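Chain residues, written in single-letter form:
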Amino acid sequence: MKLKSILSTTLVASLLLSCGRTGKNDQTDFNGNWAFHIVEDTLNYHIDYSATDFETDSWENVRLPHTANIEPLVVNDQWQGICWYHKTFDISNFSKEKKYFIEFEGAMNVIDIWINDKHLKKDMGGYLPVAADITDYVKEKDNTIRVRLDNRDNPTTGPKPLKILDFNMYGGLYREVNFIEKNNIYISNPSIADIEAGGGVFITFPTVNEKMSEVKIQTHVINEGENDKGARIKHVIKKGNDIVEEVTADIILRKGKQGNTWCYTVEMDSPALWSPDSPTLYTLETTIYDEDGMVMDRNTERFGIRKFEFKDNQLYINGKKTYLRGVNRHQEYPYIGYALSDNAQYRDAYKIKKAGFDYVRLSHYPHSPAFMDACDELGLVVADAILGWQYFADNDAFRNQCYRSARQLVRRDRNHPCVMAWEVSLNETKMPIDFMEVLDSIVHKEYPGENVYSCGWMPEVYDIYFQARQHRILHKDRMTFDKPYIVSEYGDWEYYSNNAGLNQHKMPKNMRLEFSSRQFRKNGEERLLRQARNVQEAHNDNMNIPATGDGYWVMFDYNRGYHDDIEASGVMDIFRLPKFAYYFYSSQRDMKCEEDCVLKIASYWNSKSPTDVKVFSNADEVELYLNGKLIGVAFCNGKKVLEDSVVTPQAPVKLHCDIDISGKPIEAGCNDVAFVYISARDENGTVNPDYEEFIDITLPEGIELMNRDGVKAEAGIATALIRIGERKGKARIIVSDGQLKGDMEVEIR
């Protein structure tokens, strides 16, 4: 290791009460014991509940993440309005020499915060963190915090109104809230510091290759003591538990909130690089010591060493040419909206990776920090987006909100190796050139250097052009631009609309649903196979244009805000159950080992099944036998590696239960949510796709059923969404339809 350079500067900072993510090491679990009140009568929206003497005994006790309203499965009349949260708290080891901060990771949409009867701040946007220095507002005992949320349509934040929005913006404190305690010498929060390309810890990579890579570490430290202080800064880079590099230096911290910025560039020999195939992560632990060797602050950041670059408009990751097979994602769950646990966020990312995708476009807003962490771990490349869809307001308030969101987004997510591009664009919105130029410049000012990219759905200004396939077809785009190009969306609208697509304009409107990609599992085998054919055709078509990646629309079915049914073009349904199209994508992943082998016979093999059987596999060879011989054998290098078979389903005789783990065990004490899948099976264990009964489910104390409108089977499988309480250990779940029964034991950690 070589220490290449040291730079010390003093920068002027102002207080911007919006936030990027801080390390968890100095945070306290602040998510339990909130009181919640929803204002039912619009005539009472004006009532001010902020005063601490306002009675809250009748308010509901909740744990975060929390949704303001449990919605039905089909959400076409989503709750919008005013709700309030209240919490009391003490501060152990309180000291006037310490600093205290609060951070809301997600609060929809306009938020007002009071602490001890003093108004702290007002913010808006809904998807990015809201943070504040609350040192001057708190005391040792009996602190109160009250929060007012308003998720009604907002012309300053956009997008267009819910009644025509085509997705939902659910209310509540739907992500975690963090209480942060620091000494008066501390590493700053990037957004509170409000320094362009500064604040906090910022990790970049001036040089990336397998022989030697440079890791540049920039740290902003604030000394709010009375005098300048001598101190020591120590950076420790670890891979797993092994120390890879260490840097220690004596520094002088000038007093004042303007802070001190220190930069070190470390040369790492033979580093393990981050990529979709090998998502190696390092940990950087930064510690500030005072002159006596006491720890004043410590911050932990994960990072991955990688380089995204384009040659002849084609993507190379760490020098390897890469086509990004990807998908779009909306972050909602059924019933609870946006209020996913961090574990549930990980499980979504896990499913995306298992489906054969290496890239995910975050549509059309910033997703959870926990989802970003999962993408880092699993090797999912990300296009990270600000909020925007089919809406532009030509006024300074709207423009400035977009500019501020772009800054916040980069500051929150800049250390995530998964982020390839910043979609600081309003999707499917005609934007003025000067507006796009400012957004593009924000990306490059906040993240200076090479191999940093903005992206947007218009061909002008942005570094990468994101275009939906239906727009290319509809407008007969000749693709004369000279810049990297990614198909932002495909496979849905061009097979649904009668004014775009391949042959859809020749079809009667009453055939569009049958032949579209919007297929529920209940629609049956033939229509699910049509969806799979659509996505295969469209994905193949993307290979014939100069695109360097694509994103199917969409990973999971989702609600459309105003529509009487769910948008069903997902390769998995809203309960995260796979359709046949899922297996098409998983079969497109290269097989690097036997565990990667995919073999799926896409048939129920009943009287309704087509006789031209579709088989999805990434093996070298597949053999299919019938009439007494094994059906479905996959071979690699002449060796049998996997078998699959289907048996004609008979009448169900039992209910079988599974719980969705997807890489994360069920956990108590964090509002974890998980799907329980209840399948109707015959004597051979085959799921009967004609089963459509309601299921009664008996849950032990501490586990709550979230299905507002009951648990009903679709295509042989019913799904219960459960929320886990505080109790750890084993729990038994019992199910019945009145005749068939089943049960399972769940381990809760």
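Residues numbered from 1 in each chain as written. Predicted model: local features only at pLDDT ≥ 70, side-chain atom pairs only at ≥ 80, totals over all residues. Heavy atoms only, no water.

1. Re the overall build of the protein chain
Phase 1 of the analysis: For the protein chain, the helix and strand inventory stands at 9 helices and 43 strands.
Phase 2 of the analysis: In terms of principal-axis extent, the alpha carbons of the protein chain reach across some 85 × 65 × 50 Å.
Phase 3 of the analysis: Per-residue burial for the protein chain yields a buried fraction of 61% across its 749 residues.
Phase 4 of the analysis: As presented, the protein chain carries roughly 29,900 Å² of accessible surface, and 45% of it is formed by carbon and sulfur atoms.
Phase 5 of the analysis: Taking the average location of the 90 positive side-chain charges in the protein chain and that of its 114 negative ones, the two points are 2 Å from each other. (Helix = DSSP H or I, 4+ residues; strand = E, 2+ residues; numbered from the N terminus. Buried < 20%, exposed > 50% of the residue type's maximum accessible area, 1.4 Å probe, protein only. Areas by Shrake-Rupley, 256 points an atom, 1.4 Å probe, with all protein chains shown as cover. Lys, Arg positive; Asp, Glu negative; His and termini not counted. Charge placed at Lys NZ, Arg CZ, Asp CG, Glu CD.)

2. Notes on the sheet that holds strand β21 (residues 314–317)
Phase 1 of the analysis: In space, the 3 strands of this open sheet follow the order β20-β21-β22, with antiparallel pairing throughout. Two strands lie at the open edges of the sheet, namely β20 (308–311) and β22 (320–321), each paired on one side alone. (Pairing = 2+ DSSP bridges.)

3. Describing the environment of V613
Phase 1 of the analysis: Tracing the backbone through its elements, the reader meets V613 in the loop between β31 (599–601) and β32 (615–617).
Phase 2 of the analysis: Sequence-wise, V613 and M169 are 444 residues apart; in three dimensions their C-alpha atoms are separated by 41 Å.
Phase 3 of the analysis: Residues contacting V613, with those up to four places away along its chain left out, are I601, W605 and L624. (Contact = heavy atoms within 4.5 Å.)

4. Concerning the packing of helix α2 (residues 342–354) against helix α3 (residues 369–378)
Phase 1 of the analysis: Contact pair α2 / α3: the axes reach a minimum separation of 8 Å and the direction vectors enclose 40 degrees. Viewed along their axes, α2 and α3 adopt a mutual orientation that is oblique. Judged by the sense of rotation from one axis to the other, the crossing of α2 with α3 is right-handed. Residues D342, Q345, Y346, D348, A349, Y350, I352 and K353 of α2 pack against A370, F371, A374, E377 and L378 of α3. (Axes fitted to C-alpha atoms, helices over the stretch in contact; angles between N-to-C directions. Parallel < 35°, antiparallel > 145°, perpendicular 65-115°, else oblique. Left-handed = near helix turned anticlockwise from the far one by under 90°.)

5. Topic: the packing of aromatic side chains
Phase 1 of the analysis: For the structure shown, the criterion picks out 45 aromatic pairs.
Phase 2 of the analysis: Relative to F303, the ring of Y282 has its centre 5.6 Å away and its plane inclined at 20 degrees; by these criteria the two rings are stacked. Of the two residues, Y282 is situated in strand β18 (residues 282–290) and F303 in strand β19 (residues 295–303); the sequence distance between them amounts to 21 residues.
Phase 3 of the analysis: By relative accessible area, which is 1% here, F303 ends up buried.
Phase 4 of the analysis: For the pair F675 and Y677, a centre-to-centre distance of 6.1 Å together with 15 degrees between the ring planes defines the contact as stacked.
Phase 5 of the analysis: These aromatic residues form a ring-pair network of at least three members: F30, W34, F36, Y85, F89, F94, Y100 and F179.
Phase 6 of the analysis: Of note, R576 hangs over the ring of F556, and the distance from its end group to the ring centre comes to 4.0 Å. (Phe/Tyr/Trp six-rings, centres within 6.5 Å; stacked < 30°, edge-to-face > 60°. Lys NZ or Arg CZ within 6 Å of the ring centre and 35° of its normal.)

6. With respect to the layout of surface pockets
Phase 1 of the analysis: Roughly 1,600 Å³ of internal volume is contained in the largest pocket.
Phase 2 of the analysis: Lining the largest pocket are 46 residues; nearest its centre among them are M572, P578, Y582, Y583 and K600.
Phase 3 of the analysis: Those elements that place two or more of their residues in the lining of the largest pocket are α2, α9 (580–586), β31 and β37 (673–681).
Phase 4 of the analysis: For the lining of the largest pocket, the residue count by class is 22 nonpolar, 8 polar and 16 charged. (1 Å grid on protein atoms, 1.4 Å probe; cavity = no way out; pocket = protein on both sides within 12 Å on 5 of 7 lines; lining within 4 Å. Points joined across faces, edges and corners; volume = space filled by probe spheres on them. Nonpolar A, V, L, I, M, F, W, Y, C, P; charged D, E, K, R; others polar.)

7. Examining helix α4 (residues 396–413)
Phase 1 of the analysis: With 18 residues, α4 should cover 26 Å at 1.5 Å per step; its first-to-last C-alpha distance of 26 Å lies within 8% of that length.
Phase 2 of the analysis: Most of α4 sits out of view: 14 of its 18 residues are buried. (Expected span 1.5 Å × (residues − 1).)

8. Considerations on the side chain of K351
Phase 1 of the analysis: Note that K351 resides in helix α2.
Phase 2 of the analysis: Among the residues examined, K351 registers a relative accessible area of 5% and is labelled buried.
Phase 3 of the analysis: Of note is the side chain of K351, whose polar atom sits 3.0 Å from the side chain of S662.
Phase 4 of the analysis: Ignoring anything within four residues of it in the chain, the contact list for K351 reads M555, F556, M572, R576, Y582, D660 and S662. (Polar contact = N/O pair within 3.5 Å; in protein donor to acceptor, adjacent residues only side chain to side chain.)

9. Observations concerning empty space enclosed by the protein
Phase 1 of the analysis: Scanning the model with the defined rule gives 6 cavities of 30 Å³ or more in all.
Phase 2 of the analysis: Computed from the structure, the largest cavity encloses a volume of approximately 190 Å³.
Phase 3 of the analysis: Lining the largest cavity are 20 residues, and of these M124, G125, L128, Q401 and S405 lie nearest its centre.
Phase 4 of the analysis: By residue number, the principal contributor to the lining of the largest cavity is α4, which donates 5 residues.
Phase 5 of the analysis: Of the residues assigned to the lining of the largest cavity, the class counts are 12 nonpolar, 7 polar and 1 charged.
Phase 6 of the analysis: Considering only enclosed or pocket space, the second largest cavity measures out at about 110 Å³ in volume.
Phase 7 of the analysis: Along the walls of the second largest cavity sit 15 residues, with Q80, N151, R152, D153 and M169 positioned nearest its centre.
Phase 8 of the analysis: Residues that form the lining of the second largest cavity fall into these classes: 6 nonpolar, 6 polar and 3 charged.

10. Examining the confidence of the model for the protein chain
Phase 1 of the analysis: The pLDDT averaged across the protein chain works out to 93; a share of 95% of its residues lies at or above 70.
Phase 2 of the analysis: Between residues 1–23, whose pLDDT stays under 50, and residues either more than four places distant or in other chains, the model counts 89 contacts. (pLDDT = per-residue confidence, 0-100.)

11. Quick notes on the pattern of salt bridges
Phase 1 of the analysis: Enumeration according to the criterion identifies 50 salt bridges in this entry.
Phase 2 of the analysis: Residue D394 is joined to R399 by a salt bridge in which the shortest nitrogen-to-oxygen separation is 2.9 Å.
Phase 3 of the analysis: Its relative accessible area of 63% is what places D394 among the exposed residues.
Phase 4 of the analysis: Its relative accessible area of 13% is what places R399 among the buried residues.
Phase 5 of the analysis: Here E567 makes a salt bridge to R518, at a shortest N to O gap of 3.5 Å. (Salt bridge = Lys/Arg side-chain N within 4 Å of Asp/Glu carboxyl O.)

12. So, the sheet that holds strand β3 (residues 34–38)
Phase 1 of the analysis: With antiparallel pairing, the 6 strands of this open sheet are ordered in space as β4-β3-β5-β10-β7-β8. The open sheet has two free edges, formed respectively by β4 (60–62) and β8 (118–123), since each of these has just one partner strand. Along the sheet, successive strands turn relative to each other by an average axial angle of 25 degrees, direction set aside.
Phase 2 of the analysis: Relative to strand β10 (residues 143–150), strand β7 (residues 110–115) is paired through 6 bridges, and the arrangement is antiparallel. Counterpart to D112 in the pairing with β10 is R148.

13. Some thoughts on helix α8 (residues 525–542)
Phase 1 of the analysis: Its 18 residues place the ends of α8 26 Å apart at the C-alpha level, agreeing with the 26 Å of an ideal helix rising 1.5 Å per residue.
Phase 2 of the analysis: Along α8, the residues that are buried comprise E525, L528, L529, R530, Q531, A532, N534, V535, A538, H539 and N542.

14. Observations regarding unusual backbone geometry
Phase 1 of the analysis: Residues L64 and P65 are joined by a peptide bond in cis, for which omega reads 0 degrees.
Phase 2 of the analysis: Of note, P65 is situated in the loop between β4 and β5 (82–89).
Phase 3 of the analysis: Positive phi, normally seen in glycine, also occurs at N93, with a value near 55 degrees.
Phase 4 of the analysis: Looking at the element boundaries, N93 is found in the loop between β5 and β6 (99–104).
Phase 5 of the analysis: Despite not being glycine, Q390 has its phi angle at roughly 50 degrees, a positive value.
Phase 6 of the analysis: The residue Q390 is located in the loop between β25 (381–385) and α4 in this model.

15. A few points about the state of the cysteines
Two cysteines form a disulfide when their sulfur atoms are joined by a covalent bond.
Phase 1 of the analysis: A complete count under the given rule lists 0 disulfides for this structure.
Phase 2 of the analysis: Of all cysteine sulfurs, the one in C636 lies closest to C597, which takes part in no disulfide; the gap is 7.3 Å. (Disulfide = S-S within 2.5 Å.)

16. Examining the environment of L528
Phase 1 of the analysis: Structurally, L528 can be placed in helix α8.
Phase 2 of the analysis: Overall, the relative accessible area of 1% leaves L528 in the buried class.
Phase 3 of the analysis: Taking the C-alpha atoms as reference points, L528 and S516, 12 residues apart in sequence, are found 9.7 Å from one another.
Phase 4 of the analysis: Leaving out residues up to four positions away in the same chain, L528 has contacts with Q519, F520, R521, K579, F580 and Y604.

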